[in-house]
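# Notes for the structure review
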Amino acid sequence: IAQVPERPATSLNGNCDGSRLALGIVGPGENPDAAIYTIDVNSGEVNEVCRIPNPPGFGGHVQWSHDNPYLLSFAGRINRLMVVDIRDKTPRAVYEEREHELVTHESWWVDNQLMFCGGTHPKPTEDSHVKLLNIDTGTVRIVGAGAWWESATPEEIAKRNWWHASGSDYGRWVAADNWHGDIMVFEGKTTRPRLLTQNHRTYGKGEHPHVGWDRR
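Residues numbered from 1 in each chain as written. Predicted model: local features only at pLDDT ≥ 70, side-chain atom pairs only at ≥ 80, totals over all residues. Heavy atoms only, no water.

It is worth spelling out unusual backbone geometry at this point. The amide bond that connects Asn-54 to the next residue, Pro-55, takes the cis arrangement and shows omega of 0 degrees. Structurally, Pro-55 can be placed in the loop between β4 (46-52) and β5 (63-64). The omega angle of the peptide bond from Pro-55 to Pro-56 is 10 degrees, so this bond is cis rather than trans. As for its placement among the helices and strands, Pro-56 is situated in the loop between β4 and β5. Non-glycine residue Thr-191 carries a positive phi angle of around 65 degrees. Mapped onto the secondary structure, Thr-191 falls in the loop between β15 (183-187) and β16 (193-197). (Helix = DSSP H or I, 4+ residues; strand = E, 2+ residues; numbered from the N terminus.)

Following this line, the structure appears as structure tokens:
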């Protein structure tokens with residue numbers, strides 16, 4: 001049995017070799033800083049990985065790498081894409097976004113890449129591509145292209161841009177949804193798009209599909 005601080009917790013999930021769980025701790029307490037903890041699955045031992053004071057702030061989204069059982073990402077408030085190795089316990093920003101740049105809904109994919117949705121045109125007509133960041137080299141590429149044009153309305157833009165994205169575990173496919181509830185599948189090697197299904201919500205109303213893949 002693991003005992004963690006009695007404060008609101010978020011993002012409980014397991015690493016790729018099944019040895020540890022991670023979770024984020026937020027909210028008031030003796031130390032109001034947010035923190036990330038790991039739990040040893042076999043022993044129940046709880047270890048603090050790092051604290052995240054405010055500022056810079058903590059946005060949750062604690063997730064394990066699909067390839068490295070020691071590597072965690074989490075959402076920061078200044079730089080969204082943050083990574084920490086549980087062995088050295090030092091958080092680092094792996095992507096320096098521009099002012100007003102959209103960077104959202106990150107997730108791990110193959111080869112220690114972080115997938116996220118984002119673009120540089122501000123709301124309400126924001127562009128949002130599905131992007132891949134190699135955290136070792138800093139290289140960013142677009143695997144699911146969005147679009148932007150000057151005369152577009154927010155509703156039109158939302159039909160051609162992406163909000164959540166997720167990649168299949170063997171690297172073959174990437175899927176993404178938009179504010180109309182459409183789901184597009186992109187080929188991992190070629191980025192060729194294939195519309196899977198559409199119109200699952202009225203623009204701006206209802207739940208996102210929030211597409212994801214079975215781990216097998």
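Take the sheet that holds strand β7 (residues 81-85) next. One open sheet holds the four strands; their spatial order is β5-β6-β7-β8, and the pairing between them is antiparallel. Every interior strand has two partners, whereas the edge strands, β5 and β8 (92-93), have only one. In the sheet, β5 pairs with strand β6 (residues 71-75) via two bridges, with the strands oriented antiparallel. Paired with Gln-63 across the two strands is Ser-73, which belongs to β6. (Pairing = 2+ DSSP bridges.)

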